[in-house]
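Here is what each chain is made of, one letter per residue.
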Protein chains: 2
Amino acid sequence: MAAIAFLECSRCHHHVSAETPQTLCPLCAGSLYVRYDMDKLRHTAKREDIAARASASSASLGMWRYSSVLPDATPVTLGEGWTPMLNSKRYPGLYIKEEGANPTGTFKARGLSLAVTMAKHYGLQHLAVPSAGNAAGALAAYAAAAGIAAHLFMPQDVPLANYLEGIVYGADVTMVDGLISDCARMVAENIKAQRDANTPAHQVWFDISTLKEPFRVEGKKTMGYELVEQLGWQYPDAVFYPTGGGVGLIGMWKAFDEMEQLGWIEKGSKRPKMYALQASGCAPVAKAFEENKPASEFFQNAATFAAGLRVPKPYGDAIILDIVRQSGGKALAFTDEQILTSILDWAKHEGIFLSPEGAAATAAYDALLATGELKPTDKVVLFNTGAGLKYTDMTAEAMHLKRPNEKKATLPKSMPVGGIITPQ
Amino acid sequence: MAAIAFLECSRCHHHVSAETPQTLCPLCAGSLYVRYDMDKLRHTAKREDIAARASASSASLGMWRYSSVLPDATPVTLGEGWTPMLNSKRYPGLYIKEEGANPTGTFKARGLSLAVTMAKHYGLQHLAVPSAGNAAGALAAYAAAAGIAAHLFMPQDVPLANYLEGIVYGADVTMVDGLISDCARMVAENIKAQRDANTPAHQVWFDISTLKEPFRVEGKKTMGYELVEQLGWQYPDAVFYPTGGGVGLIGMWKAFDEMEQLGWIEKGSKRPKMYALQASGCAPVAKAFEENKPASEFFQNAATFAAGLRVPKPYGDAIILDIVRQSGGKALAFTDEQILTSILDWAKHEGIFLSPEGAAATAAYDALLATGELKPTDKVVLFNTGAGLKYTDMTAEAMHLKRPNEKKATLPKSMPVGGIITPQ
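Residues numbered from 1 in each chain as written. Chains lettered and ligands numbered in written order. Predicted model: local features only at pLDDT ≥ 70, side-chain atom pairs only at ≥ 80, totals over all residues. Heavy atoms only, no water.

Peer 1: Quick rundown of the nonpolar core? Include the residues and the values.
Peer 2: Grouped together as the largest cluster of nonpolar side chains are 141 residues, with contacts concentrated most on F240 of chain A together with L139 and L152 of chain B. Top element by residues in this core is helix α4 (residues 134-146) of chain B. It accounts for ten residues. Once residues within four sequence positions are removed from consideration, L152 of chain B is found in contact with V129, A136, L139, A140, G166, A171, D172, V173 and T174 of chain B. Core analysis: the next-biggest nonpolar cluster, separate from the first, contains 140 residues, Y36, A73 and L112 of chain A together with A307 of chain B among them. (Core = buried A, V, L, I, M, F, W, Y, C linked by side-chain atoms within 4.5 Å. Buried < 20%, exposed > 50% of the residue type's maximum accessible area, 1.4 Å probe, protein only. Helix = DSSP H or I, 4+ residues; strand = E, 2+ residues; numbered from the N terminus. Contact = heavy atoms within 4.5 Å.)

Have a look at this one:
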C-alpha cells in the first residue's frame, strides 16, 4: 500500500492533507487528486512485483494487484477489477475491456470500492450519492459490505436493476422525478440542512459524488493500469470510453501520468488517443468538443435508453475535454438506434452482450472504421462499462420485445421467436 | 493442453475414442467422462506451473489456467472462470465462490465454453440445448463467439434475461410450455426427426444437454480445481452447491480425483462433505436422499422462483447421490420464503446479491449453523452459481416490489422506499 502524500487541487494545485475526509478544494472548489511520494514509490513500487504478488496470492486480487499505488487502508472488496480483455473476433486490433464482470455488473465497483474503503478508514457512518443508477447500486453494495449507511438518490426511471439493488442492499433509497443533476442538488441540500440543524458530525452525510471527493476517480485509475498491463505494459493507439460522468477517462489519464513517472512505461511512449463517446440524446461533451468550447453546457431534455450516459453536464467536463484534445482524440455521440444496432451486432457476431453505454463506444468504432480514421489493425481498447444483462428491461423495451405469454398455444413444433410449444 | 486419452463410461467403464463427437455410452447410455494419460500428466502437468503461467500471461486466463488438464483445442473464450472467492464478513470460515462474475452471469459459462470449444474443434455447425434458462443463454453466447448455430429450448416462464439472451445472441429460440424435461424430449425428437429424414450430417443438430456429452461436466470441473487452489491447495471441510442438474458437483468430484492422482493435493487428505441444495418446490435429489434411495423420482408440479433449480429429475441423480453419501454430506431443500429471506440477508449484511439458487445454499448454511452441525469456523466453500442481477424480474416479483411510477407525487423530501420526489 502507498501512503498518501497529500491531495492536490486539479485546478489551482493547492495541497490539502488526507488525514481527514475531504471533498473539494477549499480555495476554488476544484476536484482533488490523490498524490503519492513518487520519488519513494519509484523505489518501492516495482512493475515486476505486480504479477508476482498476484500469483503468490491464492485468491484473485482484482484491482488490488495495484495496491502499491493505491492508498494504505484495508480494502472493502467484493472481487472488483482485473476484468477480462477480450480480443474481437472480427477486428484484430480491437480489445473489449469487459467491466460487466465486476461486482454489481459495472465499472462503478472500482471507484466505490476505494471510496468506501477510505470512508471506513476515516470512520464515516453515512454516505450519500446522486447517481444515474449504477453508482448508487455499487455504493449500496460496498456500504453494506462495510457496515456503513448508504443514502441513494436516483432518477425514478433508472433500470429496474438499480432500483432493486438499492432495496436489497438495505440502502435508504430516494427516487427522484428528474435527472442526476436534480439528485445531486438534493444530496447537497440534505447535507446543508443537516449542518444548519447542528446534526452531530458523525450523523451528517458525506457526499460521495464522483469528483467531489478524491477516491472514486482514484479507484477508476486502475482501469488505466490494467489496460496497459494487459497489453504487455504498452499503450494502445486509442481508448474508447463511454462518457456519462467521464471520470473513468480522467482516472486512466492519471494512471498514465503515474506509470510514466514510475518508469512502468517507457518515457516518450505515445499516449493513446482518448475517445469520449456519448448518446445523441445527452451529449454535452460531444457538443462542446464540436464547438471548440473548453467546457460543456447543460444538455436540455436529456433522454436516452443508455441510462448511464444521462449526465447533462459532467462535473469534470473541462478536464475531460482537455484530455481528449491533448491526446488527439474526439468526443462523439450516437443515436439510440445506432446503439441498439450495435448491441445486437456484437452479441450476434462476437458473443458479447454490451450495455447500451458500451454500445455507444462500439457504434463509434464502426463509424470511424467506415470513414477510414481507424484501421481494423489499429490497437484499440474499448470499454464495455457494464454488463448487458444489467439492462434487460431497457434493452427489451428498446427492441419492443414481447415475451410469448400464451400458455397453451397450438403452434407448429418449432418457431424461431415468439411461439410457445405445448409438448404432446 | 492435454491430449484426451479416451472417454470412459461412468457406469460400465467402456472406453470410447474422442476423435469424433460423442454423446452417451454406446453400450449402456451412461454419461461419458474425459480421461487423460495420468502417468504422463504427472510429469507434464505441474501444480507450480499454474500460477506461473497465469502471471506470465498479460491477460487473465480465467479457467484456462488449468489448460494442462483440459483437452487440447483452441479455446472459445469470453473470460470465464477464476472467479472471486469472497470471505464472509460474519462467518470466518465461510467463502462464497462468486460465479456471477462469469460471462452471461452464471457458472454455465464454464461448461459451455469447453463444450463449444470442442464443438468447433470437431467442426459441428448446429448445437441444441434444453435448459432451465442459463445454459441456453451461455450456449447462445459461446456459439455466437464460435460462429456456430444454437437451438435453444427453454420453459416459457424463464427469467427475462434468459429469453433476451437467446434473442440478442441470434440463436433459434423455442419457448416451451413445460419444464426442462419437456425441452429435453423436444430436442431429442427434433434430432430423431432430422435423422429419419436423412438430413445431411453437418445439418443435424448435436444435443449438448449436460451429461449427454462429455465436455460440459469437464468445463465445470474447473470449479473444483479453483476452490482448492484458492484455499492454498487444500480441501475445505464442506462444499455447498445449489443443485438443479447438479453437474457442477459431479465435475468438482472429478477434479478432486484428478488432483489426487496428479499429486496436486496430499494423499490421504479428507475430501469435503458435499452438500447438494435444492428448492422445496423441486427437490427430487433431497427427497431421494431423505428416503435413502439410490436415484430420484420425477418431482411432480415442480415450482420455485429459483429457476435454475427447476429440474424435476436430473440425469446425473444417481451419481450426485453417491457423491453426497460417500463424502458424508447431505441433500437438503428450502422454501422460496427461506431463499428470499437469505437473498435479502446476504445483500444487506455482506454486500453480496445472491441468485435465488445461491440463496438456497446460504439458507442451508444458516440452518446447519442453527442445529450446530456446522460451526462458523468450519471451512466451507459455498457457490453462488449466478449473479443476483440476472434475476431482477423474478426477485422483484417474489418481493412484491412495485416501482414508484407516479411522475409528480407530492411527497415529503426523503422516503426510504417507494416515494418519488419532484425537485422544487
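There's more to say after this.
Peer 1: Lay out the packing of helix α12 (residues 336-350) of chain A against helix α13 (residues 356-371) of chain A with the relevant residues and their values.
Peer 2: Residues and elements named next belong to chain A. Relative orientation of the contacting elements α12 and α13 amounts to 90 degrees, with a least axis distance of 8 Å. Taken together, the axes of α12 and α13 are roughly perpendicular relative to one another. Here Q338, I339, S342, I343, D345 and W346 of α12 come into contact with α13, specifically with P356, A359, A360, T362, A363 and D366. In terms of residue class, the contact of α12 with α13 is built from seven nonpolar, three polar and two charged. (Axes fitted to C-alpha atoms, helices over the stretch in contact; angles between N-to-C directions. Parallel < 35°, antiparallel > 145°, perpendicular 65-115°, else oblique. Nonpolar A, V, L, I, M, F, W, Y, C, P; charged D, E, K, R; others polar.)

Peer 1: Describe the side chain of D172 of chain A, naming the residues involved and giving the relevant values.
Peer 2: Looking at the element boundaries, D172 of chain A is found in strand β8 (residues 172-176). No salt bridge is formed by the buried D172 of chain A; its nearest oppositely charged neighbour, K348 of chain B, is found at 12 Å. A polar atom in the side chain of D172 of chain A sits 2.7 Å from the side chain of H151 of chain A. (Lys, Arg positive; Asp, Glu negative; His and termini not counted. Salt bridge = Lys/Arg side-chain N within 4 Å of Asp/Glu carboxyl O. Polar contact = N/O pair within 3.5 Å; in protein donor to acceptor, adjacent residues only side chain to side chain.)

Peer 1: Requested: an account of the relation of the copies chain B and chain A, with residues and values cited.
Peer 2: Each of the two copies of the chain can be brought onto the other by a rotation about an axis and a shift along it. Turning chain B through 180 degrees and shifting it by 0.0 Å along the axis lays it on chain A, with an RMSD of 0.0 Å. A rotation of that kind, with that shift, is consistent with a two-fold axis. Using C-alpha coordinates, one finds that chain B approaches the rotation axis most closely at A101 of chain B, a distance of 2.4 Å. The share of interface residues of chain B whose copies in chain A are also at the interface is 100%, consistent with both copies meeting through the same surface. (Least-squares fit on C-alpha atoms with pLDDT ≥ 70 in both.)

Peer 1: Would you mind going over the interface of chain B and chain A in detail, with residue names and values included?
Peer 2: Across the contact, 77 residues belong to chain B and 77 residues belong to chain A. Each partner contributes to the roughly 6,500 Å² buried at the junction of chain B and chain A, and carbon and sulfur atoms together form 60% of this total. Considering only the surface of chain B that becomes buried against chain A, D177, L389 and R403 of chain B emerge as the three largest contributors, covering 11% of it. Run the count over chain B and chain A and you get zero salt bridges. On the surface where chain B and chain A come into contact, there are zero residue pairs in polar contact (both at pLDDT 80 or more). Tallying contributions element by element places helix α5 (residues 160-168) of chain B first for the side of chain B that touches chain A, with seven residues. Here the residues of the side of chain B that touches chain A are counted per class, giving 38 nonpolar, 21 polar and 18 charged. (Buried area = accessible area lost by both parts, 1.4 Å probe.)

Peer 1: Outline the pattern of salt bridges, listing residues and values.
Peer 2: Opposite charge on two side chains allows them to pair when their charged atoms are near. Under the criterion given, the structure shown has 52 salt bridges over all chains. As a salt-bridge pair, E226 of chain B and K97 of chain B come within 2.7 Å of each other at their nearest N and O atoms. With E226 of chain B in helix α8 (residues 222-230) and K97 of chain B in strand β5 (residues 94-98), this pair connects stretches of sequence that are 129 residues apart. Among the ionic pairs, K192 of chain B bridges to D196 of chain B, the shortest N-O distance being 2.8 Å. One end of the pair, K192 of chain B, and the other, D196 of chain B, are both in helix α6 (residues 180-196), four residues apart, so they sit about a helical turn from each other. Grouping residues by exposure puts K192 of chain B and D196 of chain B together as exposed. When salt bridges that share partners are traced, they join K97, E99, R110 and E226 of chain A into one network.

Peer 1: Kindly report on the sheet that holds strand β11 (residues 273-279) of chain A, identifying the contributing residues and their values.
Peer 2: All names here are of chain A. Taken together, six strands build an open sheet; the order of strands is β4-β5-β13-β10-β11-β12 and the sheet is mixed. Two strands in the sheet have a free side with no partner beyond their single neighbour: β4 (85-87) and β12 (331-334). Ignoring strand direction, the axes of neighbouring strands in this sheet form an average angle of 25 degrees. Bridge count for strand β10 (residues 238-242) against β11 is five bridges, and the pairing is parallel. Across the sheet, residue A238 finds its bridge partner in β11, namely K273. Against the sheet, helix α9 (residues 247-262) touches β10, β11 and β13 (380-384), its axis set at about 170 degrees to β11. (Pairing = 2+ DSSP bridges.)

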